[in-house]
Amino acid sequence: MKNKKARAGIIAGVVVVALLALGFSATTIVPAGHSGVVVTMGRVQKTALDEGLHFKLPFVQQIILMNNKIQKTEVASNSVSKDLQTVSSSVAINFHITKDAASDIYQNIGEQYADTVLQPAIQESVKAVTAQYTAEEMITKRSAVGDEIGQALSDKVSEYGILIDKFNIINFDFSEEFNAAIEQKQVAEQNKLRAETEKEQQIIEAEAAAKQKVIAAEAEAEATLKKASACLYKICRRLTVYI
């Protein structure tokens, strides 16, 4: 009798555990910032699940979580400028995938979509845009170059459901020869500016000296005129006396 009761208790426990396992396997939770891609017997459903609690077919359906949050990646790239200078660049990209594209991305690209699609698109966009600018223009027009690369990248990956939120150029680096040439040019421009400044200063000083001489000459002439007038006055008085 006791054995029967014990056996019944064990069976009941197993049934409860099985029912609990079945209940847990029949539900899934999609966390905030994610989409749930539903895979039924290997087949991907077109519509992904929103955030929250959902029911699924136990042991038949699988839920793959796809991250919809903004993600960041940094990429180093080598390219050639319009004037055939080697350009080593480092860029940072903020991106995310849309919920509507989550199922298609998982089915056609996979969970490693950043490596499969985004990284090559970044390399291609950087190379295509830097080839349109000289190395010096990339320094003086850095913001415009960055905007153009970001737009080119966005055009390439948006069709996959990957959206570019922000694109930044962290650094442009060039060959030692080019850096030396830029430094020499800056030194030459500084020397030219210094020479022009010194020349302007000399002109100002010369004009000031000439003006001072004119003032002195005018003062001397005025003094001579006054002296001559005084002498003439005395002579006139003497003549008046004699007359």
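Scroll up for the structure.
Each chain carries its own residue numbering, running from 1 in the direction its sequence is written. At least 70 in pLDDT is required for a residue's local features to be given in this predicted model, at least 80 for side-chain atom pairs to be given and counted, and no such filter applies to totals for whole chains, interfaces and linings, which use all residues. To obtain the side-chain values, all non-hydrogen atoms of the structure were used and water was disregarded.

Things to note about the packing of helix α3 (residues 113-130) against helix α5 (residues 142-157)
At a minimum axis distance of 9 Å, the contact between α3 and α5 shows a crossing angle of 140°. In terms of orientation, α3 lies oblique with respect to α5. Where α3 crosses over α5, the two elements pack in a sense that is right-handed. Contact residues: V117, L118, A121, I122, E124, S125, V126 and V129 in α3; V145, E148, I149, A152, L153, K156 and V157 in α5. Under this scheme, a helix contributes an axis fitted over its contacting stretch, all axes are lines through C-alpha atoms, and angles between N-to-C directions fall in the 0 to 180 degree range. The numbering of helices and of strands both runs from the N terminus, where a helix is a DSSP run of H or I of at least 4 residues and a strand a run of E of at least 2. Roughly parallel means an angle under 35 degrees; roughly antiparallel, over 145; roughly perpendicular, 65 to 115; everything else is oblique. Each crossing gets its hand from how the near helix is turned against the far one by less than a right angle, where anticlockwise is left-handed and clockwise is right-handed. Here, residues are in contact when the closest pair of their heavy atoms is within 4.5 Å.

Some remarks on the nonpolar core
Ranked by internal contacts, the top residues of the largest apolar core, which has 36 residues, are I93, L118, I122, V145, L153, V157 and I162. The set of elements that each furnish at least two residues to this core consists of β2 (34-40), β5 (61-67), β7 (86-97), α2 (102-108), α3, α4 (135-140), α5 and β8 (162-174). The dominant element in this core, judged by the number of residues it contributes, is α3, at seven residues. If sequence neighbours within four positions are ignored, L118 has contacts with T73, F95, Y113, L153, V157, I162 and I164. Residue types Ala, Val, Leu, Ile, Met, Phe, Trp, Tyr and Cys, when buried and joined through side-chain atoms within 4.5 Å, form a set referred to as a nonpolar core. Exposure is judged per residue with a 1.4 Å probe applied to protein chains only, and the accessible area is read against the type maximum: over 50% gives exposed, under 20% gives buried, and values in between give partly exposed.

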